[in-house]
Amino acid sequence: MSATGKFAVSVDGVSKKFRLFHERNQTLKSAIMRGRRIVADDFWAVRDVSFKIPHGETFGLIGRNGSGKSTLLKMLARIYRPDEGSLSLNGRVSSMLEVGSGFHPELSGRENVFLNGSILGLSRKQVAARFDSIVDFSGVEGFIDQPVKNYSSGMYVRLGFAVAVHTEPDILIVDEILSVGDGAFRDKSRKKFLEFTGEGRTVILVSHALSEITEMCQQTAWMHEGRVRALGPTSEVVEAYDAAIEAESS
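Let me sum up the structure you'll find in this document. (Residues numbered from 1 in each chain as written. Predicted model: local features only at pLDDT ≥ 70, side-chain atom pairs only at ≥ 80, totals over all residues. Heavy atoms only, no water.)

**Some thoughts on the nonpolar core**
Right, on to step 1. In terms of nonpolar packing, the biggest core is built from 42 residues, with Ile 62, Val 113, Leu 159, Phe 161, Leu 172, Phe 193 and Leu 205 touching the most fellow members.
Right, on to step 2. If you list the elements that add at least two residues to this core, you get helix 3 (109-119), helix 4 (124-138), helix 5 (153-166), strand 6 (171-175), helix 6 (183-198), strand 7 (202-206), helix 7 (210-216) and helix 8 (234-249).
Right, on to step 3. Sorting elements by how many residues they give to this core places helix 5 first, with nine residues.
Right, on to step 4. Val 113 has contacts with Val 127, Phe 131, Ile 134, Ile 144, Leu 159 and Val 163, leaving out every residue within four places of it along the chain.
Right, on to step 5. Formed by 24 residues, the second largest nonpolar core is a distinct cluster that contains Val 49, Leu 61, Met 75 and Leu 97. (Core = buried A, V, L, I, M, F, W, Y, C linked by side-chain atoms within 4.5 Å. Buried < 20%, exposed > 50% of the residue type's maximum accessible area, 1.4 Å probe, protein only. Helix = DSSP H or I, 4+ residues; strand = E, 2+ residues; numbered from the N terminus. Contact = heavy atoms within 4.5 Å.)

As structure tokens, this is what we get:
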């Protein structure tokens, strides 16, 4: 493993904003053409978020839809850059944020394993050496030479996740998608997470399934309206989140 240093992930005062226009399909060109002033506001999807994750931990992120979880993950995956603050990831990162991310729908599962493996930093020789293990883990052996556009969402997830974990990253980022898989696949994934953390690797997991978060994560952050509302041992954070949801619904 290439990771060194005390923490696998350090997030320090990170914020991310987006421009919200008050007219649909508003662009600078269309506004000038119509002689109108552009009216837009800044929306802070993530605001002043800080936490640290030690090597070898599974870290949970919970919160309602729109709370900033996915935006934060995209900054950790280096898809977005923060507008304020800084973050560092100490080691090689593999992320799976959307079903079928990195897959080409017209290519077969076999071809996509090699394509996705190269996107995640493996050579063709390395992918070939791990190919049988990837396919076995995914459970899509009977469809591996079919175009992935014909796959179910569960098959997409299983194959994509299998490729991601077989790149042996120092840090694995997973957003909700394991909920698409069946029970047997989720059990297999839990065992893989335990194997990862036992080797000193780090997992960041977003899920609405609080039982999974409680079972797998040592520390958890509760995101609310772009900020961290609670951070600490998972059982305590999940209990506080559950209480807040119950209070809102009563």
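**Quick look at the side chain of Thr 71**
Right, on to step 1. Structurally, Thr 71 can be placed in helix 2 (residues 69-76).
Right, on to step 2. On the basis of relative accessibility, which here comes to 14%, the residue Thr 71 falls in the buried class.
Right, on to step 3. Discounting residues that sit within four places of it in the chain, Thr 71 has contacts with Lys 16, Phe 18, Ala 45, Val 46 and Tyr 80.

**Here's the deal with unusual backbone geometry**
Right, on to step 1. Within the chain, Glu 168 stands out as a residue other than glycine whose phi angle is a positive 50 degrees.
Right, on to step 2. Here Glu 168 lies in the loop between helix 5 and strand 6.
Right, on to step 3. Located in the positive-phi region is Glu 225, a residue other than glycine, with phi close to 55 degrees.
Right, on to step 4. Positionally, Glu 225 belongs in the loop between strand 8 (219-224) and strand 9 (227-233).
Right, on to step 5. Take Glu 225: its relative accessible area is 64%, and that puts it in the exposed class.

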